[in-house]
Structure formats: structure tokens, C-alpha cells
Amino acid sequence: MQVVRSHQSHRSFSSSSGSVSASPTLPLYRSAPELEVRLEDFESFAIDRLRVLKGISDGLSRGKKPDEMEKLVNELWKTNMRHQDSSQVLNKDIISHFVLRLVYCRTEELRKWFLSMESALFRHRFRNQTAEAQRAIMEEFDLPCKAVSNAEFESLKEKLGQVARSIGHNLSLSTTDAIYYKVPFEEVPELVTGRKVFINQGYAYVAMNQVVSLVATIFRSLLSKALILTNRKWATSIREQEQHRLTPIVEALCSSYLGPDFSQPKEYGEISLKDIDQVAKSSFPLCMRHLFEKLREDHHLKHAGRMQLGLFLKGVGLNVDDSLAFWREEFSKKVGLEKFEKEYAYNIRHNYGKEGKKTDYTPYSCQKIILSTPGVGDHHGCPYRHFGEENLRAALSRMGVNSRAMEDVMGKVRNRDYQLACTLTFEALHAAPCDAGINHPNQYFSDSQRLLKAKKDSSTNVVDASTSSMHRLDAGNLLRNIRGNS
Amino acid sequence: MTRQGAYKESDDMLIDEPKLPQQGQIAALPNEFNPSYLKIYYSKLFPHADLYRWMSYGNDGKHPACDSSYLGRREFSYTLDNDIFVRYNTFNSATELENSIKDKCPLKIDIGPIYNLNPARRNAYAGDNVLTPVERELIFDIDMSDYDDVRYCCSGADVCLNCWPLMTVAVKVIDTSLRDDFGFRHILWVYSGRRGVHCWVCDRKARRLTNEQRAAVADYFRVYKGNENNYKKVSLMGQVLHPFLARSYTEVLKEYFETKLLTSQNLLSSEERYEKILEMIPDQSIASELRGKWQESRRSSSAKEDINIVRWEQLKQLLQKHKAQVVRRCVEEIVFTYTFPRLDMEVSKHMNHLLKAPFCVHPKTGRVCVPINPNNCEEFDPTTVPTLIQLLEELNREGLRSDVEGEWNKTSLANAIKLFRSSFLQPLLKICKEEMESSYNAKLQQSKNLLSW
């Protein structure tokens, strides 16, 4: 890809990139395009695509259903990825993707996010391709799947029908529905997971409409490998070569898109152990409050719960010694001091980057917590998602949510807008708006503390609170719109 | 069969070893765990050579295609006395492995993954994440304490013959699926020593699965979802059940629920217990009707029939003829809730998860982690699994009678080791050799083709 200054004439290639494009409208991004692109397009194309990806990220973390996501993706794409010159639409698609590769190849977390969003985007766009185009793409991807012969289909028809009906697809025996592909089960983990396919002797039988999943998996793994290579190239040559031109743009794109991840609290020791019970009641979001209460009650939490709560406390400002004291106080009541030191202290220190490979772990964001899977004996996860309705109502009323707000919250929960439910809870309890929305438990905490402190400091702070919330609105909105990392 | 580089039994006799407790002494002691007993166990009974042969997967140096670094890239962890935990132990030969175990006498041996390089040298390389797992058996861990909400005979660490059938069900359901659905053949089931079972799937394909693929398989097996924060833990949607669930139900779950667990756990005999089941019925009027019926009749009208069975029939009658499918489906949901396997997902999902090695001795029960034959797992009895003390007593009795197989052949451990070999190790090694041969020949052919004009 050649980046040129705007005053230089740019030749646009009418056909697509140097990468073989099996479909006329959906590029596979297999190799960097032989295109020239203007410097300002370099940045603006990337920002447009980022809006699409961020929109997808938002949609996913709200637990939107597949057909809702489909609509969302179409809208986002139409709105952001247009170009006044229709022959340039495909180029914009390709260029923006490759620019974002540069931006998002640089750390493990960035890569993971980019991979998830681009894969989701690809999956939805693939679904909208014609059958012809889809077949062409499958061929391009060398899919190790064979069409199931008629004979085999006849022998398995009943079982295949059962699977289809078990997932709500009615297998009418028309010719198109009778097309199945046979593929080793490990190629389609998403379908295996939900028991969405019939599996026999190591092979999964995939319906035509499920082929999307297959293709998406391959897309994802190719992109994953490409990102690693891109990172290497960036670190070893591109960053330096382009230090006066592209590098500042790439780095700006990235850092302005990193929302606060709360891995470096402003100062440790912000909350003291004596106040922690009080502070838990007033400023913890429900997920952390639940874990905290269960810990006080049972003097124990399972591993996932310890991680979720422990990292949250770190983000809140509890330093490693206070943290050890806190956990020790609770756990020693159940397992004894000695066992605590032997079995649990190490992990706490590990979370602070004091042991092992010394990674400083970051507190979990709402998206991550919502996607977790609490099982028997677990108390982690997002209560708005994982609690049954009765239990959730009880927990919220214990927190002090009044009955009217409760109905609003439950409405959001039913709609699977878990983060909005939490936001409403926040607003009800603090009698103040939270326009930026809750995206991170530590954000809930710091917003809450800020509000409470403002109320305490002075009575004329009503004005201050509103102006600060206005500033927060701008920063918050900006962050929400352009944050690349949840 | 030669045991490559292994200790000869006779060498051991010359070394000063801890004395076997006398007959009277053992009777006086409860089944208490004593590290000196372990020393004898490791020196005379533990099947070192078998462990080596398994872990080598055919890379024993006898074939030109053998990978000499293979074993050395496998992690073993020891739990030593005083709760000292040592990771990243590696060995390059059968002798090293055996000597280390005999020397260190670990309370527990865990087996980890095979890494891309020898983990002992991990610090020699710069950078993070240099050490990555490349192979690892597909493993499952089923623990009876995860069923505490559906068993009343015991709780926590205890197991008895009334609740053990839950493990039998788990083995049958998962084993059948692993073989018929996923096409795996080299599967080892092991008693965990106290209250559960472990499963090791050792096919080459299984060993190479990624974390995501493992998570998919574990999730395929997952039906029970939830904890005390929601009460509807099994939700079977869809007009019909997926063939895997349907088969499990008709071949295993229904029978075990209706003929064993219903009665042995008295699931419907008291109000507290039947309320938990009534709670799962989405139609309140049916639940009330049953509640009313059962509150009246404290004892079954016919003294011959078990009250649980009578009540279950009544429940089924009412639910199965309901016009709403969600109500009819409730019968299966109840059965699944009370019987379907509950796996520890985290154990299966991560390649770097450590799992206890077979033939370890459980420190709290003294029982040996012996293999379970899935073909007759209904006959497995956890209360008669050999204990360390029992084995030592048996050794004591047999005295110095020599046995060409090894000391273990004089004890109850013999059956366990023979089962391990015949049903698991030998078929596995045979396949490994065959695969090695064929890939080697393929490479030879390829290079011949390149060279030929």
C-alpha cells in the first residue's frame, strides 16, 4: 500500500486490490493491497471503520440477538463506509482494514479486540452474500469440508432433522435444505458448543446456513496470524521508517481509542480497610457488592469470584498489603491462617504482578464480566444477566432501589441491556444522571465516589456537579464513541 | 518386555528402606497417611515404566522417527510434604522419571502439557509467553461435590454407594459420546481417589486441540447451568432434543433416575425434597395439585411400592399429557437436573491445566487412583478400591515370593495395572507406532519423489 500526499495525483485501481477477491463485494484481506492512498484518507477511512467496529462491540456487550446484530451491522456499514465515488467503496473497505491492523496489532489485548470485532463484521457480511459468492469464498479458504453424498444424507436424515428442530430451524426437505457439508468437528467449535450440529465419528454435519460459522473461523485464524506478523513488521521496521508520517497517526488513533482500563489507579490507598464495608454499600456496583457480601457471609469465594472482586479492589485503589489483610481476615475464618498463606496469598500477590511472570492484571470490564459463565458455587458474573428475576429484585431492593426504578431496570434486563440496567440502578441510587453509561465496574465506583464526595464537600456543589457532568458528557461520549478497548 | 533403563527390583533390596509396619501395628493405626508408606509404594508398586511408556507416546528412541525431545517437554508437578508445590519438573528418560519419583516421594504427582520447548529452560529465553503448550490430552474432571444440591445421602467430600451411581452415569454418557460422536478411541477413566473421576482422551487429534476447541467439546457436554442464584438450572429448549441428549436420556439417564436415584435418594418422600422438584414445574396448577395429593398421603397406599416411584408416576402422568410442550419437557428437565454429568469446565478448557496422575495415592483417603473400565463402570465400587495400607499389608503377607511382573502383581493393584495396560496403554502405543511408521514412510516417499527424475 502506498501512501501519498494529497497534492500528488493518486491513481485508483478500478478492480480491487492485489489480494484475490473471490467475491466482488467482500474482500478477504489476504494481502496488503497495491493501492495508493492519500494521507488524509489513511486516517479518515480508519476512523470510519472504527466507528463500525465500536458499534459492533457495543451491540455485543449488550447481548443483542443475532438478528438485531445483523440490522445493526448493516446500518453501521451503510452509514460509515460510504464513499462519494462508488468505485472507491471497495478500496475504502480494504484500506481501512489494513490501517487498523497497524493500529491494533501492537498488544495482545488490542489484537484480541480487533480480531473479535472484525470476525463478527465478516460473519455478518458473509451471510448477506449470494450463494455464488459464498461458494467462491469457501473455495478460496480451502475449506476441508465435503458435501454430504445423497446416500449418506438419506441414512442420517432423521438425526439431521432432529438437530435442526432442536435449534428451531425447520428442515423442510427441499433441495437447498438438503445440502449438508461434512467437516471435522474441530473446524466448527461455535457449532459444537451450542449443540447446533449432528456429530458422528468425529465429523460435524453442517447445514448450508451454518456454513457462515465455518468461514468465520477460518477468517479469524488467518487474521490472527496476520496480526502477529504485522506486529513484528511494525516493531522492527515500519514504526521507525514512518516516524514522521504514519506512525504519529497510528499511535494517535490508538491512544485516543483506549478507554480507561483502571489498571493504574491514581494512588494506591484511596480506600482504607476500615471504610470498606461502608464504601461497598455506597459505591460498589451490584456485581461486586454481591461478591463482597458473599465473601463476608461464607468467608470464602471460588477462584473466578476472587479474580473478579480482587482485581476490582485493586482498581479501586487497594494496595497489595491491604488486599492481603482483607482477604486474610475473611479466609482465615474459614480455612485458617496457615492455609490462607499457603494457598491464597500467592495468588493475590500474583494479581498485583508480584509473582510469577509478573503480569499486572487489569480489572475486568463489564463486557468481560457479562460474558463469563458462573457455575455451581460461583458468585461472579453480572447479576443483571446471571441472576433469576426474583433474586435480582431482592438484591436490588436490598441496595435501596425504589419500586419505580426497579421496573425500569427489570425492563432493561428483559431486553438484555445489562449495562443499561446497571446504569439505571446507579442513577436511581445516586439521584443523578450517568450519561456516559456504565462500561466498567471501576467506572461505577469512581463516578459514585466523585458524586458522593461532591455532595459532602459543599452544598453549592449542585452547580459544580452539573458542569462537571457536562464535561463528563463530552469526554464520556467521546470515549464511548471512539474507545477501541472495552 | 524390557523396561528401558528401569530400576531392577533386586537393587532396591540392598538399600536401607523404611520397615514395613508389623501386622499388629497396622491394626492399631487408622487408615492414616504416612509418608514412609509412600516411599515403599513408590519403590515397589507404582508403575513407573507404564507411566513412562504412556507419556512417551511411542517416542522411546527405538524408531528413527522418534522425537527425542518429546518426553522432556512434558511438565510434571509435585506436591511435597509441608504443602510445597514444585512445577516444571521434566525428565528425559524412564530412569530419570522413576528415580525422581522415588527420591522425592511426592504426595501428589500432576501431569501438565507438552510445551514447545523444555520448560526447564524457560528462563533462558527472553520475552514473555515464550513457553506455550503444544500438546495436551483432552481431560475431564467430574467431582461429586458439584452434585450436592441433588444428593442427600452425603455432602462435600463423602461418597457412598447411594450417590456413586451419579458418577457411573457420567462415565457412561461422556464415554459413549466421546467414542460415537467425536470418534475418539484412546480414553482412560481414572478414579480420583475420593469423590470423583477423571477422564484422559489421548488420541493424537485430541492432544492437539486448541483451547477454543476444548471449550467447545466441554460445552457440548454442558446441560446444567447455574448456581444458587437462579433456580432453573436445566433448560431444554427446542421441539425435540438434540440426538446426543435424546440418546443419553433413553439409554442411561431415565433408567438410572427411575430405578436407582429416585429411591436411593428419596427424592420425593419429604416435603422439603419434593418442593425442589415441584419448583421446576412451570404450570402452577399442576404443582399445586401434586402438592395437595402428596401432603395428604404421607405414606403410599400400597405398602409394596416405594413412595418415590408412586409419586414420580403421578407427576409424569400429569405433565406428559399437558398440551404445552414446555410443560411436557419438564419431565426430562427434572431427570437431567438430577442425573446429567456436571463437568468442571475450567479443567477441560485450558491446555496448561494440571491434572493428577493415575496411580497416585489420595492423601485423605489412602486410596489409589485406579483406572475404571467404562464398559463395566456400573460395577465399580469406590469403597473397595485398594488403599495404601492394604497394599502394604498384602506385600507383607506375600513375603519374598518373587514375581516376574513385579511386586505389584502380588497385590490388589494387579488388576488395576493390567486393566491400564490391556484396555488403554497397549492399544494406544500400537497406534502411536503405526502413525509414526506411516508418517515416516510418507516422508521417505516424498523425498524419493523429489530426488527421482
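Given the structure is predicted, the values throughout are model-derived calculations rather than measurements.

Caption draft 1: Inspection of the overall build of chain B at higher detail. The helix and strand inventory of chain B stands at 16 helices and nine strands. The buried share of chain B, reckoned over its 453 residues, is 54%. Taking the intrachain contacts of chain B between residues at least 6 apart in sequence as the baseline, contacts between residues at least 24 apart amount to 68%. Surface exposure of chain B reaches about 20,700 Å², of which carbon and sulfur atoms provide 49%.

Caption draft 2: Geometry of the interface of chain B and chain A. At the interface, 36 residues of chain B touch 36 residues of chain A. Roughly 3,000 Å² is buried in total at the junction of chain B and chain A, and carbon and sulfur atoms are behind 50% of that figure. The residue B:Asp83 makes a salt bridge to A:Lys342 at a minimum N-O spacing of 3.2 Å. Summed over the shared surface of chain B and chain A, the result is twelve residue pairs in polar contact (both at pLDDT 80 or more). Within the residue set of the side of chain B that touches chain A, elements represented by two or more residues are helix H6 (165–181), helix H8 (211–220) and helix H9 (243–264) of chain B. The biggest single contributor to the side of chain B that touches chain A is H8(B), with seven residues.

Caption draft 3: Inspection of the state of the cysteines at higher detail. Summed over all chains, the structure comprises zero disulfides over all chains. Unpaired in this structure, B:Cys432 has its nearest cysteine sulfur neighbour in B:Cys202, at a distance of 9.0 Å.

Caption draft 4: Main features of helix H15 (residues 388–398) of chain B. Looking at H15(B), one finds that the buried residues are B:Leu388, B:Ile389, B:Leu391, B:Leu392, B:Glu394 and B:Leu395. B:Gly399 lies just past H15(B) and shows a positive phi near 60°.

Caption draft 5: Examining the sheet that holds strand S6 (residues 187–191) of chain B more closely. Residues and elements named next belong to chain B. The strand order across the open sheet built from four strands is S5-S7-S6-S9, with neighbouring strands paired in antiparallel fashion. Two strands bound the open sheet, and with one partner strand each, they are strand S5 (138–143) and strand S9 (371–372). Taken together, the five bridges between S6 and strand S7 (residues 196–201) define a ladder with antiparallel strand orientation. Residue pairing in the sheet places Ile187 in a bridge with Val201 of S7.

The rules behind the values
Residues numbered from 1 in each chain as written. Chains lettered and ligands numbered in written order. Predicted model: local features only at pLDDT ≥ 70, side-chain atom pairs only at ≥ 80, totals over all residues. Heavy atoms only, no water. Helix = DSSP H or I, 4+ residues; strand = E, 2+ residues; numbered from the N terminus. Buried < 20%, exposed > 50% of the residue type's maximum accessible area, 1.4 Å probe, protein only. Contact = heavy atoms within 4.5 Å. Areas by Shrake-Rupley, 256 points an atom, 1.4 Å probe, with all protein chains shown as cover. Buried area = accessible area lost by both parts, 1.4 Å probe. Salt bridge = Lys/Arg side-chain N within 4 Å of Asp/Glu carboxyl O. Polar contact = N/O pair within 3.5 Å; in protein donor to acceptor, adjacent residues only side chain to side chain. Disulfide = S-S within 2.5 Å. Pairing = 2+ DSSP bridges.

These values are about where atoms sit, not about what they do.
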